[in-house]
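Residues per chain, in single letters:
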Amino acid sequence: MSALLDVLLLALDLYQWVVIATAIMSWLIAFDVVNTRNDVVRAIWNGLLAITEPVLRPIRNLLPSMGGLDISPVILILALYFVRDLAFQYLRP
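Residues numbered from 1 in each chain as written. Predicted model: local features only at pLDDT ≥ 70, side-chain atom pairs only at ≥ 80, totals over all residues. Heavy atoms only, no water.

A. Just the packing of helix α1 (residues 2-30) against helix α3 (residues 72-91), in detail. Where α1 meets α3, the axes come as close as 10 Å, and the angle between the chain directions of the two elements is 170 degrees. By the angle between their directions, the pair α1 and α3 is classed as roughly antiparallel. In this structure, α1 contributes L5, L8, L9, L12, D13, Y15, Q16, V19 and I20 to the contact, and α3 contributes P73, L76, I77, L80, Y81, V83, R84, A87, F88 and L91. (Axes fitted to C-alpha atoms, helices over the stretch in contact; angles between N-to-C directions. Helix = DSSP H or I, 4+ residues; strand = E, 2+ residues; numbered from the N terminus. Parallel < 35°, antiparallel > 145°, perpendicular 65-115°, else oblique. Contact = heavy atoms within 4.5 Å.)

B. View of the pattern of salt bridges. Throughout the structure, instances matching the rule amount to five salt bridges. R57 serves as the salt-bridge partner of E53, at 3.9 Å between the closest nitrogen and oxygen. Within this pair, E53 and its partner R57 are both found in helix α2 (residues 39-62), separated by four residues, close to a single helical turn. One continuous salt-bridge network, built from bridges that share partners, spans E53, R57, R60 and D70. (Salt bridge = Lys/Arg side-chain N within 4 Å of Asp/Glu carboxyl O.)

C. Representation of α2 in the model. With 24 residues, α2 should reach 34 Å at 1.5 Å per residue; the first-to-last C-alpha distance of 33 Å fits that figure. At E53, α2 shows its largest bend, some 55 degrees, and a proline, P54, comes one to four positions later. The complete set of buried residues in α2 reads V41, W45, L48, T52, E53, L56 and I59. One side-chain oxygen of the residue at the start of α2 lies 3.1 Å from the amide nitrogen of V40, identifying that residue as N38. (Expected span 1.5 Å × (residues − 1). Bend = angle between axes of the 7 residues up to and from the residue. Buried < 20%, exposed > 50% of the residue type's maximum accessible area, 1.4 Å probe, protein only. Polar contact = N/O pair within 3.5 Å; in protein donor to acceptor, adjacent residues only side chain to side chain.)

Below, the structure is given as structure tokens:
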């Protein structure tokens, strides 16, 4: 059971970093620091969106409009911490 817990915690940690990378890249694109017309940037951006959008979209649908401020990544990271704590509490040997 310890190996299952280790794999689950590693997957949650990796997904948390992907969410953070997506948020940072969205800021860089919004402030024109990186250009999505670049093939490498577009490929990275599309990959990050493919991984995070299926989870972030339902959170965005539940949240009220905040005038362009998107706090769904913060809520997702908090949910990941909650899942990590639950997994650690119930799957710990």
